[in-house]
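# Structural features, examined
Residue-level listing of the chains:
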Amino acid sequence: MTSKNLFFKLMKEDFKIRIWSLAISILSFFFSLIVATAMLISYHRNMTYSYLIEETGEIVDDSYKLVERFNFYMNIKSPLFAFVFLCLSLIVAISGFTYLYSKKKVDMYHSLPVKREVLFAVKVINGILIVIVPFIICTIIASLMIAVNTSDGSVIIRSIGVALGWCVFFILNYSVVMLAIMLTGNMLIGILAFVFFSFYFPLTAFMLMGFQSTFFETYYYAGDILEKILPNTSSFVLMFNLVEIDTVKRIIISAVVSILLMILNLFLYKKRASETAGKSISFSIIKLPIKFMIVIFMSMLMYLMAYEMMMSSTIWGIFGAVIGGIITHCIMEIIYNQDFKKIFSKKIEMLICIVLALFFIASFQMDLFGYDRYVPKASDIKQAAVVSNFLESNTDQYHSNPKFSNGFYGNVNYTEDDYAETRLLKNLNIENKDIAVKIAKQCVDSINNSSEREGTLGYVIISYTLKSGRVVQRKYNYFEFESAISELSAIYDDPVYKKSMYPILSEKSENILSIDFDGVGYDDKHIETKDTKLTKKLLEAYKKELSALKYETRLKSYPFASIRFNDAIMEKELNSDFVSDYAAVSEKKTDTAYVKERDDKGYYPVFPEFKETIAVLKEMGVDVIEKLPAKDVDRIEITYYNPENGAGNYGSYTESYDSYVAQKTFTDTADIEKILDSLVVCDSAYQESLNEDDNITAFIYMKDDKENAYGGYTSYRFKKGNVPDIVK
Amino acid sequence: MIEAKNLSKSFEDIKALDNINASIRDGNVFGLIGTNGAGKSTFLKILAGILKPDTGEILIDDEKVFENILAKEKFFYISDDQFFFSNTNAKEMIKFYRSVYRNFDVKKCEGILKVLDLDINRKINNFSKGMKKQLCIAIGVSANTKYLLCDETFDGLDPVMRQTIKSLFAKEMDDRGLTPIIASHNLRELEDICDHVGLLHKGGIILSKDVSDMKLNIHKVQCVFEKDFDMERLKALDIMQIKNSGRVYTVTIKGNESEIRECIEALNPVFYEMMGLSLEEIFISETEVHGYDIKKLIF
């Protein structure tokens, strides 16, 4: 008998034994694909009928919606299919390999004149075929049903592509379940091992990030290992796409890991002693490290939970850590020995686990390794980025990534959170690394000197990519701005910084389709750039003046308007069937309305110093108002905040309900004129807050007949050192 | 030929086999006797390539067994509690084994099952313990392997069935030189079938001998001497055991039958009779010589 014949004969016999798992697989896909698709088609037909009668009375071909619905249903991120494949991977792995848990079965299989590799291959391949063959067949049938109903044949190719992706995820999860079986000797412990592989590393990453964010003041980014690698070291997380990762990358990672796991499983299968059937763990060598990993994890987790629940109580935290460690160790010993009487065995190991856990906890809480104090040497830095609202507080205006999501009331077009920061920290590279180090040291000093914390607003995020490749990022929320002005100037005035911060500096005029000008009041302009020469002139003027803008100027001056250069993407968004808010979407009762959340993104400042830009704007017919006309203002109310001295300093002013706030109203046109000369007035999407005097706020009330032109009232501030005498 | 050389196997802190050396000749029925926990099943599992020895090696026709298909094709292993697929019948099990053993003889198997009166289409779950054992033997014999490893296989079989199986073995031994290796805790079960017996105790082989040699070299003589007979005169014989009840002596003697007869007759007994020894009695005598109380070991 050739080994090839033997292989196929064994496959056939193995199929017979596992016929029940094949039945479950066929049923799962019959319902989740064929029946579900039939329901989808039926639903689509009913919906189309109602829509035609009520809305238009015309026959419209909306078959694309059925394709969209099917594609959405059969998505590579679908939690339903993730669940189905998770269950099936457990079922086929159990049907194929649980014989390893029974001495009786192991005796039979391992006495046969069949190489273990062959037996392994038979079990693995049959397991894969039991799931994949019905899945692919049902996918083809389901996509054919859609194709017949929509005359769109491309859906078949797309569905098969998605199906192949799911096959990879299934094989990955199947490999992990097999690994759990290889390492254990009984079913319950095998399932626990699978739970361990599915959740241990992601949960450990989240727990460590929890410790960092709780105990480290400068925590911003935990590093690639904790943020990206550890959470994805789980087939469960990858299958359910819990930590969002690019689909292609997800599939490639899954395929590579599946192959590696299969090789590991084969190795373990060959090494696995037959006598371990029925025992808890089949390789004694892993018992101790796994116990330590779980006990220390649980001990630390219990500390964090107790600490947070009991209002940052270290005593309760220690109580939680000790109890958590003891209970987990006891459970582990019961599981390992499969004997409740062994609950308190190996007390020394238990003690070591708890002591180690407490040491790790202390290393976070007491910052034993100097996380908050860390500043690398300038010579070790390959790339450094500094992002701070002391440098630029409108980063999300320039760096926004449009995202679309399907919400309950309709689809939302929004800007991704933290996109600007993430992008800048990655791309910005300050040439003078010494400055970044100097700023970092000043920030660290601010942390150490607690008395300086009060009154220092804003943040500084510093990212270092070290020559070793390690990425370190810190966020400082306490920073003595005044003492670092020269360093901040050096960074801001660096053309490299400006080029990274302001994408408009790299923009070409031929890409600009329209311009939006947002100035004082409601009289904003949208200019279609038919005159390309003028557009070019404006863009070049703006680029020149923005590049030349100094930090020193920004400390004193203030943009009075903002401008947006719209490219094809933005123009398309502006012209889309967007509506202004969620309520409008729900009123439309269609699934094509988008909430316009990016309408006020992409604006750049126009400073009074940008004379050339202003001139070109005027040339383009824009009514540029650099200052709010005093004659249109009814009154200005000044509010004083003085947390240190209360309202007393402002003598005669009216005390408000809050003893720390005082107010004064100016109605005289001359006073208003003086205030407006110094006041920062920018009623646009772009908002500048650099070097503002936080203690004084002005509320401008327009005259009744001018309210429509300028709006009601808005609060504004003075730049530090620029408060007029009549206000002081 | 099967050879075990310095074979040792431990399970955590329990030593199941301790430096065992044994050889099993082809064409003989080898009986492995021992109490529960003596190491019989461990020895057979190592022989079947299920377990890997910690030290030493076991060779089948000079081939190592563990993960060696050539060696494994030479035997069929029947465990003390053989596994059958759930919800299956004899026919399906035969198909399975036929796919694994290249010389499997389906017709022979069906014939044996017919003789044993076992329904080939009946669910094995509904078989009694004895019927399952019979099925195992039928499949094992039909696999046409050179060796048949049986762990407590005769346990649970009624005497008639045991005789049938023994005849089956005998026929297979005659026809194709089958070598059955049978482990049992019951010495009486093996008495009339084994050619060679090994006694395992606490992981070591205390004794390993041909049954015929043992039977030919140990004899029991019942004799009556004159009143004034000097017992010292018996010392000329290689006496293993002597018991007396009045003037009637029962003596277990090592040696050739004719020589013993000659010696006894020379002592002018009033009466003497050569009696046959059961395997059990031979074991008692042999192990007592080695300082073991066999009754405590296997009865």
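About the thresholds
- Residues numbered from 1 in each chain as written.
- Chains lettered and ligands numbered in written order.
- Predicted model: local features only at pLDDT ≥ 70, side-chain atom pairs only at ≥ 80, totals over all residues.
- Helix = DSSP H or I, 4+ residues; strand = E, 2+ residues; numbered from the N terminus.
- Buried ≥ 20, exposed ≤ 12 C-beta atoms within 10 Å, placed from the backbone.
- Contact = placed C-beta atoms within 7 Å.
- Pairing = 2+ DSSP bridges.
- Axes fitted to C-alpha atoms, helices over the stretch in contact; angles between N-to-C directions.
- Left-handed = near helix turned anticlockwise from the far one by under 90°.
- Nonpolar A, V, L, I, M, F, W, Y, C, P; charged D, E, K, R; others polar.
- Expected span 1.5 Å × (residues − 1).
- Parallel < 35°, antiparallel > 145°, perpendicular 65-115°, else oblique.

## Here we look at the overall build of chain A
Along the backbone of chain A there are 26 helices and 18 strands. Within chain A, the fraction of its 728 residues that count as buried is 35%. The contacts in chain A between residues at least 6 apart in sequence include a share of 74% that link residues at least 24 apart.

## Brief notes about the overall build of chain B
Helix and strand counts for chain B come out as 11 helices and 14 strands. For chain B, the C-alpha atoms occupy an extent of roughly 75 × 45 × 30 Å along the three principal directions. Buried residues in chain B amount to 37% of all 299 residues.

## Re the environment of Q82 of chain B
Following the sequence through the fold, Q82 of chain B ends up in the loop between strand 6 (75-78) and helix 3 (90-100). Overall, the presence of 21 C-beta atoms within 10 Å leaves Q82 of chain B in the buried class. Sequence separation between Q82 of chain B and D151 of chain B is 69 residues; the distance between their C-alpha atoms is 9.6 Å. In this structure Q82 of chain B touches M108 of chain A together with K132 and C136 of chain B, once residues within four positions along its chain are discounted.

## Regarding the pairing of strand 7 (residues 514-518) of chain A
Residues and elements named next belong to chain A. Of all the 5 residues making up strand 7, 4 are buried; the element is thus mostly covered by neighbouring parts of the structure. The pairing of strand 7 with strand 9 (residues 561-566) spans 5 bridges and is antiparallel. Among the inter-strand pairings, D516 is bridged to a residue of strand 9, identified as R564.

## Quick notes on the packing of helix 17 (residues 433-448) of chain A against helix 18 (residues 485-492) of chain A
Residues and elements named next belong to chain A. Between helix 17 and helix 18, the least distance of the axes is 10 Å, while the angle of their chain directions is 145 degrees. Viewed along their axes, helix 17 and helix 18 form a crossing whose handedness is left-handed. Judged by residue contacts, I435, K438 and I439 of helix 17 engage E487, A490 and I491 from helix 18. Split by residue class, the contact of helix 17 with helix 18 holds 4 nonpolar, no polar and 2 charged.

## Details of the interface of chain B and chain A
In this complex, chain B contributes 22 residues to the contact, which on the side of chain A involves 20 residues. Of the residues forming the side of chain B that touches chain A, the biggest block, 3 residues, is contributed by helix 3 of chain B. Its residues assigned to classes, the side of chain B that touches chain A shows 11 nonpolar, 4 polar and 7 charged.

## Observations concerning the pairing of strand 13 (residues 248-254) of chain B
Residue and element names in this part refer to chain B. Where strand 11 (residues 218-224) meets strand 13, 7 bridges bridge the pair, whose relative direction is antiparallel. Within strand 13, the position partnered with H219 by the bridge is I253. Joining the antiparallel neighbours strand 12 (residues 238-245) and strand 13 is a turn of 2 residues, in which G246 adopts a positive phi near 65 degrees.

## A look at the sheet that holds strand 1 (residues 219-221) of chain A
All names here are of chain A. Pairing is antiparallel in the open sheet, where 4 strands are placed in the order 1-6-5-2. What marks the edges here is a single partner per strand, and that holds for strand 1 and strand 2 (381-388). Taken over all neighbouring pairs, the strand axes of this sheet differ in orientation by 20 degrees on average, direction set aside. With 6 bridges connecting them, strand 5 (residues 460-466) and strand 6 (residues 471-476) associate as antiparallel partners. Residue pairing for strand 6: I461 is matched across the bridge by K475. Contacting strand 2, strand 5 and strand 6, helix 16 (residues 419-427) runs over the sheet at an angle of about 150 degrees to strand 2.

## Some points on unusual backbone geometry
The backbone phi angle of N241 of chain A is positive, close to 55 degrees, even though this residue is not glycine. You can see N241 of chain A is positioned in the loop between helix 10 (235-240) and helix 11 (247-271). Among the residues examined, N241 of chain A registers 17 C-beta atoms within 10 Å and is labelled partly exposed. Notably, E67 of chain B is not glycine yet its phi reads approximately 55 degrees, a positive angle. Assignment of secondary structure puts E67 of chain B in the loop between strand 5 (63-64) and helix 2 (69-72). On the basis of neighbour counts, which here come to 14 C-beta atoms within 10 Å, the residue E67 of chain B falls in the partly exposed class.

## Details of the sheet that holds strand 5 of chain B
Within the open sheet, the 4 strands sit side by side as 2-1-4-5 (chain B). Their pairing is antiparallel. Only two strands of the sheet have a single neighbouring strand rather than two, namely strand 2 (14-24) and strand 5 of chain B.

## Concerning helix 12 (residues 287-309) of chain A
Given 3.6 residues to a turn, an α-helix orients residues that are three or four positions apart in the same direction. With 23 residues, helix 12 of chain A extends 33 Å between its outermost C-alpha atoms, agreeing within 8% with the 33 Å of an ideal straight helix rising 1.5 Å per residue. One or two residues past the end of helix 12 of chain A sits M311 of chain A, with phi positive at roughly 50 degrees.

## A short note on the packing of helix 3 (residues 63-73) of chain A against helix 6 (residues 116-150) of chain A
All names here are of chain A. For the pair helix 3 and helix 6, the least separation of the axes is 9 Å and the interaxial angle reads 165 degrees. Taken together, the axes of helix 3 and helix 6 are roughly antiparallel relative to one another. Every pair of crossing elements has a handedness; the one defined by helix 3 and helix 6 is left-handed. Note on element contacts: helix 6 touches helix 3 through I146, N149 and T150, opposite S63, L66, V67 and F70. In the contact of helix 3 with helix 6, the residues fall into 4 nonpolar, 3 polar and no charged.

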